[in-house]
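Structural features, examined
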Amino acid sequence: MSANTGPVFLPGHQGYDDERLGLNRAVASRPVRVVGAAGEQDVVAAVRTAAESGRPVGVLATGHGPAVPADGAVLVNTRRMDGVRVDPARATAWVEAGTRWRQVLERTAPYGLAPLNGSSPDVGAIGYLTGGGAGLLGRRFGFAADHVRRLRLVTADGRLRDVTAASDPDLFWAVRGGKDNFGLVVGAEIDLFPVARLYGGGLYFPGEATAEVLHAYADLVRHLPEETATSVLLVRNPDLPGIPQPLRGRFVTHLRFAHSGDPADGELLVKPLRALGPVLLDTVREMPYAEVGTIHHEPTSLPYVVHDRNLLLSDLTHDAVDTLVDLAGPDARPPFVTELRHFGGAYARPPEVPNCVGGRDAAFSLFTGADPASGPPRQRDALLAGLRPWSTGGMNLNFAGVEDATPDRVRAAYAPADYERLRNLKSHYDPGNMFRINFNIPPEGDRS
């Protein structure tokens, strides 16, 4: 076995804590060793070491979406593997395992090309891609996983494989949507799109306007073109200096808007929303695509502890809006944030090269993020239960949290036939379930 080119951290050693903890510290793993992978051969060595010792393997890039603790496991931290290569002639990029979307955007923007990145540029690209990937260009082009051309990954047998639809159709299908259940991805070739600018930003409304804004939003989205992505965040902001003065210490309904077509059309589409007023802050403008992260303006750079949950909705009726306002609006004083994202469009269409990404029947996703220190999540659970009449029964893995790492919840992320096919493939590629530090798909015969 080749020696590691990156560092290895053991419990009690300097740097161990920094390497084992991700951004969301809802999970505090205690692995037996952390491999700071500097290249793909370090990942190969880590998987082989784990196999020889009968230990599970986990992977950490940024740690935005933890599932289960990596206690007793070999944990591979890929943050040092952050290379990006752009081929403007083919409109593709090669992205390494630890790369954040911000690094991809920096390399693609000079060519007027855009990846199908997430709303936060600080999120890791590979975990997002393998979970499906729903971003601000998704209604126009589909899930990010729909536009992966090639994968390079290490499977449970310690092999480093180049995987495409032609070379390994089953494995290629499974990894694009199956997260890290089938191996550790060390790099991916992705499609880029000719989007250099957006018309987008945020409209921030006071809490007392929440009901009016959401009812107007429910009507508006029924007529939006696929070039337009929207979402709404309901949040009570703390009174802190880093928050813009008009938003500080108050409940805010933050409507996000991103139009990748003609800016003049985008301005017309947002006009009725601006008219709802009063608007506390209006950041909607024409911008370079590289500034896409300013639209959601998510605080994802400092560590936090949040329990995420989500469900997928088939519709946003006015009755559903009333339920949302009653249970997550300002008068409910919810100890959590709530976000609606509009799906549909290209998300609903099957990709040219099939994958296992579920939830294509969803019209919206609903996400909640709660600090466990605020107490039992009774209010949040009441919201999820209250919206069940409009639920598809599914969930989105990119928005899942530690409470979603159960067999029933993971199963809900996939079409039933796809889930059974995934279990069958798991039996072939990872029969011992080495890759189980995740939203786990157990192999056939495993009663988990």
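Here, the structure is the one placed above.
First, a word on scope: everything that follows refers to the structure included in this document.

Turning our attention to the layout of surface pockets. Taken as a whole, the second largest pocket encloses approximately 300 Å³ of empty space. In terms of lining, the second largest pocket is formed by 17 residues, of which the most central are Asp146, His147, Pro351, Glu352 and Val353. For the lining of the second largest pocket, the secondary structure elements donating two or more residues are helix 5 (138-141) and strand 7 (148-154). When the residues that make up the lining of the second largest pocket are grouped by side-chain class, the tally is eight nonpolar, three polar and six charged.

For the rest of this paragraph, the subject is the packing of aromatic side chains. This model, assessed by the stated rule, comprises eight aromatic pairs. Put simply, the rings of Phe143, Phe343 and Tyr347 pair up and form one aromatic cluster. A cation sits over an aromatic face here: Arg421 above Trp173, 3.8 Å from the ring centre. Geometry around Phe182 places Lys426 over its ring, the cationic atom sitting 6.0 Å from the centre.

A few words on the packing of helix 10 (residues 318-328) against helix 11 (residues 378-386). Their axes nearest at 10 Å, the elements helix 10 and helix 11 cross at an angle of 175 degrees. As judged from the angle between their axes, helix 10 and helix 11 are roughly antiparallel. For the pair formed by helix 10 and helix 11, the contact residues are Thr323, Leu324, Leu327 and Ala328 on the first element and Ala382, Leu383 and Gly386 on the second. Taken together, the residues of the contact of helix 10 with helix 11 break down into five nonpolar, two polar and no charged.

Let us look at the side chain of Asn77. Within the secondary structure, Asn77 is located in strand 4 (residues 74-77). Looking at Asn77, the relative accessible area reads 2%, which means it is buried. When near neighbours in sequence (up to four residues on either side) are disregarded, Asn77 contacts Glu19, Val34, Val35, Gly36, Ala37, Leu60 and Ala61.

Let us now look at the side chain of Asn117. Mapping Asn117 onto the fold places it in the loop between helix 3 (101-108) and helix 4 (125-130). Relative accessible area serves as the criterion here: at 1%, Asn117 is assigned to the buried category. There is a polar contact of 2.6 Å between the side chain of Asn117 and the side chain of Tyr289. Among all residues touching Asn117, those that are not within four sequence positions of it are Trp101, Leu105, Tyr128, Gly135, Leu136, Tyr289 and Val292.

Time to look at helix 6 (residues 169-178). The buried count for helix 6 comes to eight of ten residues, which makes it a mostly enclosed element. Check the buried side of helix 6 and you find it contacts helix 4, strand 7, strand 8 (160-163), strand 9 (184-191) and helix 13 (416-429). At the C-terminal side of helix 6, Lys179 shows a positive phi close to 55 degrees.

The next thing to look at is the sheet that holds strand 1 (residues 8-9). Read across the sheet, four strands follow the order 1-2-4-3 without closing on themselves; strand pairing throughout is mixed. Two strands close off the open sheet at either side, each with one partner strand: strand 1 and strand 3 (57-60). With four bridges joining them, strand 2 (residues 33-36) and strand 4 adopt parallel strand pairing. From the neighbouring strand, Arg33 faces strand 4, where its bridge partner is Val74.

Moving on, we come to the packing of helix 7 (residues 210-220) against helix 10. At a closest axis distance of 10 Å, the pairing of helix 7 and helix 10 adopts a crossing angle of 150 degrees. Our classification of the angle between helix 7 and helix 10 gives roughly antiparallel. Our pair here, helix 7 against helix 10, has a crossing hand that is right-handed. In this structure, helix 7 contributes Thr210, Ala211, Leu214, His215, Ala218 and Asp219 to the contact, and helix 10 contributes His318, Val321, Asp322, Leu324 and Val325.

What counts and what doesn't
- Residues numbered from 1 in each chain as written.
- Predicted model: local features only at pLDDT ≥ 70, side-chain atom pairs only at ≥ 80, totals over all residues.
- Heavy atoms only, no water.
- 1 Å grid on protein atoms, 1.4 Å probe; cavity = no way out; pocket = protein on both sides within 12 Å on 5 of 7 lines; lining within 4 Å.
- Points joined across faces, edges and corners; volume = space filled by probe spheres on them.
- Helix = DSSP H or I, 4+ residues; strand = E, 2+ residues; numbered from the N terminus.
- Nonpolar A, V, L, I, M, F, W, Y, C, P; charged D, E, K, R; others polar.
- Phe/Tyr/Trp six-rings, centres within 6.5 Å; stacked < 30°, edge-to-face > 60°.
- Lys NZ or Arg CZ within 6 Å of the ring centre and 35° of its normal.
- Axes fitted to C-alpha atoms, helices over the stretch in contact; angles between N-to-C directions.
- Parallel < 35°, antiparallel > 145°, perpendicular 65-115°, else oblique.
- Contact = heavy atoms within 4.5 Å.
- Buried < 20%, exposed > 50% of the residue type's maximum accessible area, 1.4 Å probe, protein only.
- Polar contact = N/O pair within 3.5 Å; in protein donor to acceptor, adjacent residues only side chain to side chain.
- Pairing = 2+ DSSP bridges.
- Left-handed = near helix turned anticlockwise from the far one by under 90°.

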